[in-house]
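Survey of secondary and tertiary structure
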Amino acid sequence: MRRAIELARKTSLVEKSGGPFGCVIVKDGVIVAEGANTVLAHNDPTCHGEMNAIRTACKELGTHNLSGCTLYTTGEPCPMCYAACWWARIEKIYYGSTIQDAQQFGNFDDVPIINSLKKEIAHRTLSGEQILHEEAIQLWTDFSHSDSNIHY
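Residues numbered from 1 in each chain as written. Predicted model: local features only at pLDDT ≥ 70, side-chain atom pairs only at ≥ 80, totals over all residues. Heavy atoms only, no water.

Following the sequence through the fold, Thr70 ends up in strand E3 (residues 69-75). With a relative accessible area of 18%, Thr70 lands in the buried category. (Helix = DSSP H or I, 4+ residues; strand = E, 2+ residues; numbered from the N terminus. Buried < 20%, exposed > 50% of the residue type's maximum accessible area, 1.4 Å probe, protein only.)

Below is the structure:
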């Protein structure tokens, strides 16, 4: 966690590349990847510390499946980063500060996102509307019957 804090301090206060978020991924007691928030440096809202670390870990380990890995992050993961941890099959998350801390000290908007996700998509702040359902289901049907139907 101390290494994650170092990364967060560097990216936010020295480089001014993004918010104070650093992340380290460990497997079998060895750091396999590091990441820091680079949202401002890359003009990419997905460049959170966890996302950058997960991308690096996947490249380093040659797999999209990070089972057996532990993630250390300076801030409780936002909904996007938590979902990425889930899909990467990270086994444990340790975090330093909470989403409420990020809201209090940095005016980050994770809480409204979390609250919106509790609603059906049509009733969320950023709403969604289903279209071309039959065509999308045909794609799923074709996929489910194909030989390359790989679940990840």
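Structure shown, so let's carry the discussion forward.
Right, let's talk about a nonpolar patch on the surface for a bit. On the surface, Met1, Ile5 and Tyr94 cluster together to form a nonpolar patch covering roughly 260 Å² of accessible area. Looking at the secondary structure, you find Met1 in the segment before helix H1 (2-14). (Patch = residues over 30% accessible without salt bridge, like charges linked within 9 Å, V, L, I, M, F, W, Y side chains within 5 Å. Areas by Shrake-Rupley, 256 points an atom, 1.4 Å probe, with all protein chains shown as cover. Salt bridge = Lys/Arg side-chain N within 4 Å of Asp/Glu carboxyl O.)

This paragraph deals with the packing of helix H3 (residues 49-61) against helix H4 (residues 79-88). Direction vectors running N to C along H3 and H4 enclose 25°, while the axes themselves pass 9 Å from each other. Judged by the angle between their axes, H3 and H4 are roughly parallel. Once H3 is placed against H4, the crossing between them reads as left-handed. Contacts from Glu50, Met51 and Ile54 of H3 reach H4 at Met80, Cys81, Ala84, Cys85 and Ala88. Grouping the constituent residues of the contact of H3 with H4 by class yields seven nonpolar, no polar and one charged. (Axes fitted to C-alpha atoms, helices over the stretch in contact; angles between N-to-C directions. Parallel < 35°, antiparallel > 145°, perpendicular 65-115°, else oblique. Left-handed = near helix turned anticlockwise from the far one by under 90°. Contact = heavy atoms within 4.5 Å. Nonpolar A, V, L, I, M, F, W, Y, C, P; charged D, E, K, R; others polar.)

Once that is clear, we can look at the packing of aromatic side chains. Taken as a whole and judged by the stated rule, the model has four aromatic pairs. Taking 5.2 Å as the distance between ring centres and 85° as the angle between the ring planes, the aromatic pair formed by Phe21 and Phe108 counts as edge-to-face. Separated by 87 residues along the polypeptide, Phe21 in the loop between H1 and strand E1 (22-27) and Phe108 in the loop between helix H5 (99-106) and helix H6 (110-117) bring together distant segments of the chain. According to the relative accessible area criterion, Phe108 is partly exposed, its value standing at 32%. Measuring from ring centre to ring centre gives 5.1 Å for Tyr72 and Tyr94, while their planes differ by 15°; the resulting arrangement is stacked. Of this pair, Tyr72 sits in strand E3 while Tyr94 sits in strand E4 (residues 92-97), placing them 22 residues apart in sequence. Assessed through its relative accessible area of 39%, Tyr94 is described here as partly exposed. (Phe/Tyr/Trp six-rings, centres within 6.5 Å; stacked < 30°, edge-to-face > 60°.)

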